[in-house]
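If you want the building blocks of each chain, they are given just below.
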Amino acid sequence: MKRVNLLIFFLLAIFLFSLSGKDNCFTIVVGKAATADGSVMVAHNEDDREEGKIFFVNVHKIPGRSYKSGDTILLKNKGTLPQVQQTVGFLWLQIPDAEFGDSYINENGVVIASNQCSSREDKPVLTNGGIGFMLRRIMAERAFSAKNAVEIAGGLINQWGYYSSGRTYTIADNTEAWVLHAVKGKHWIAQRVPDDHAAVIANRYTIEKVDLADKENYLGSPDIIDYAVKRGWYRPGKDGDFNFAKAYSLPGNYKAELNVLRQWRGTALLAKKRYKPDEPLPFSFSPRKNVKPTDLFNVLRDHYEDTEYDLTDGYKEGSPNRTEKRTICTESTQYAFVAQLREKLFREIAHRVWIAFRRPDSNAFTPWYPSITAPPEGYNRGNSETALENHFKVSPSSLKFNPNYAFWSFAKLSRLVDQNYRLRIKIARKEWRNLENYIMKRIKKMEEEFEYLIKNNKIVAVKIISNYVKRWEYRKWFLASELIGEMEK
């Protein structure tokens, strides 16, 4: 009998884990009054895993494009909608064949990243199969601001219905940031992050209070409360004030330790108030100091170091990325970025994105700008113009290690570091820290030169900005190759 109960417990644990942990991502957003330079910042670890599947990360620069009247967009489930006459150019961090692994930053400085958040909706209303994969792409193509992107997403969800269980989209520009929770079907809610606050998302809904009359801070489905009452998820006479996260979350996902602990840890590393892991966590909070990009680099690299949840000691020859406590930086992290979205600068350099490929604990963050003409050679596979058309047509050979593509070098370095983490992380950390510090000390002066060039000749300036991005990406790639050679001796 004990063996049967143990088996049931084991299977239940696997089931709950599968509900809450297949596509675990991690995001931080910081308002402009809470950062050291007055920018809005978004930090994101893209975590994707699937049994037996290898991931590859492309970076594409998709230019803005004019369309004819009558041109349409084809959704993944074969629905169509009219295309706009003019789209916006954007950087696209793409994981080919992945349904929800992509991030975007467009030339208007609108950043879009996402985290899986399972909802309890089991009777979704979908039109022609609904929308999912294309939602963030359409936002990137059309949005002139973060709020405009939220409105675009909300309209599409209202029209088509969202076909995934649930998801959080973090959407920001250089003046404000929003958190949008999509529920399977035709329900959604979005809340603005206060300018002097930061917010942490770790694969569970975080919006609690809802006030749709306050259109400056909330947007969403008008029946978001009434529908919860209808489904029995919220009982006004017994449950007190309406709490969206509790009402709409899949209970196992909302309470899962792998989500709660990561949200707590991100909050604990930044917040002025000291929160305990077992107490309620806020939608947003006041940071204890003005946040810098390097502060967010550190959070994205975290494994609960120096806490009771740090299990590194049990993995002397292994890695904290693989412990039983899911960490912020983890085995399935495919890429990480920190976006600085700044006002009062030329748009060619106002939106700076620091990107690290594969795991950020063993690889460096280097700067990109969405204004570049094209990514460095070796940073994407295939043709950017046909990448969307071929996104779900990936051949197995394209996912095999190939030294001609930078991502595989960063992936190999992460794998080698994990094999003897205690020793090798010190070697890798020293090198990427030196590289990041060098760039940080000089980038302000470099951007002043870019501004001078932009004033005189934008075309030439953009080419030089593109070469600047290439310079540091090739240096980082070379550094990774050197470290691989050293570790393979």
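Conventions used here
Residues numbered from 1 in each chain as written. Predicted model: local features only at pLDDT ≥ 70, side-chain atom pairs only at ≥ 80, totals over all residues. Heavy atoms only, no water. Helix = DSSP H or I, 4+ residues; strand = E, 2+ residues; numbered from the N terminus. Buried < 20%, exposed > 50% of the residue type's maximum accessible area, 1.4 Å probe, protein only. Contact = heavy atoms within 4.5 Å. Lys, Arg positive; Asp, Glu negative; His and termini not counted. Charge placed at Lys NZ, Arg CZ, Asp CG, Glu CD. Pairing = 2+ DSSP bridges. Axes fitted to C-alpha atoms, helices over the stretch in contact; angles between N-to-C directions. Expected span 1.5 Å × (residues − 1). Bend = angle between axes of the 7 residues up to and from the residue.

Peer 1: Tell me about the overall build of the chain, and name the residues and values.
Peer 2: Per the secondary structure count, the chain includes 13 helices and 16 strands. The C-alpha extent of the chain, read off along each of the three principal axes, is 65 × 60 × 45 Å. Taking all 489 residues of the chain together, 57% fall into the buried category. Partitioning the contacts of the chain with sequence separation of at least 6, the portion at a separation of at least 24 is 72%. Treating the 73 positive side-chain charges of the chain as one cloud and the 58 negative ones as another, the clouds have centres 2 Å apart.

Peer 1: Give me the sheet that holds strand E12 (residues 198–201): which residues, what numbers.
Peer 2: Taken in spatial order, the six strands make up an open sheet running E12-E1-E2-E14-E15-E16, and their pairing is antiparallel. Among the strands making up the open sheet, the edge pair consists of E12 and strand E16 (366–368). For this sheet the average axis-to-axis angle between neighbouring strands, irrespective of direction, equals 15°. Strand direction decides the pairing type here: strand E2 (residues 40–47) and strand E14 (residues 333–341), joined by eight bridges, are antiparallel. Within the sheet, the bridge partner assigned to Asn45 lies in E14 and is Ala336. Across the face of the sheet, helix H9 (residues 293–300) comes into contact with strand E1 (26–30), E2, E14 and strand E15 (351–357) while running at roughly 160° to E14.

Peer 1: Pulling in residues and values, what's your account of the side chain of Ser221?
Peer 2: Within the element layout of this structure, Ser221 appears in the loop between strand E13 (218–220) and helix H4 (224–230). By relative accessible area, which is 2% here, Ser221 ends up buried. Residues in contact with Ser221, not counting those within four places in the same chain, are Asn158, Lys186, His187, Trp188 and Leu212.

Peer 1: Go over the pairing of strand E11 (residues 187–193) with me, naming the residues and quoting the values.
Peer 2: With seven of its seven residues buried, E11 lies for the most part within the structure. One ladder, built from seven bridges, connects strand E10 (residues 177–185) with E11; its direction is antiparallel. Note on E11: the bridge partner recorded for Val179 is Gln191. From the end of E10 to the start of E11, which pair antiparallel, there are one residue. As paired elements, E11 and E13 share three bridges and run antiparallel to each other. Its bridge partner lying in E13, Ile189 is registered against Gly220.

Peer 1: Describe in detail helix H11 (residues 406–419), supporting the description with residues and values.
Peer 2: Note on helix geometry: an α-helix contains 3.6 residues per turn, so any two residues three or four positions apart are oriented the same way. Taking 1.5 Å per residue as the helical rise, H11 with its 14 residues ought to reach 20 Å, and the 21 Å between its terminal C-alpha atoms agrees with that figure. Of all 14 residues that make up H11, 12 are buried, and the element is covered over most of its length.

Peer 1: Pulling in residues and values, what's your account of helix H12 (residues 421–456)?
Peer 2: A rise of 1.5 Å per residue sets the reference length of H12, with its 36 residues, at 52 Å; its end C-alpha atoms lie 49 Å apart and thus fit the reference within 8%. By the largest-angle criterion, Ile443 marks the main kink of H12, which is about 45°. Looking at the buried side of H12, the elements it contacts are H9, helix H10 (347–350), E15, E16, H11 and helix H13 (458–487).

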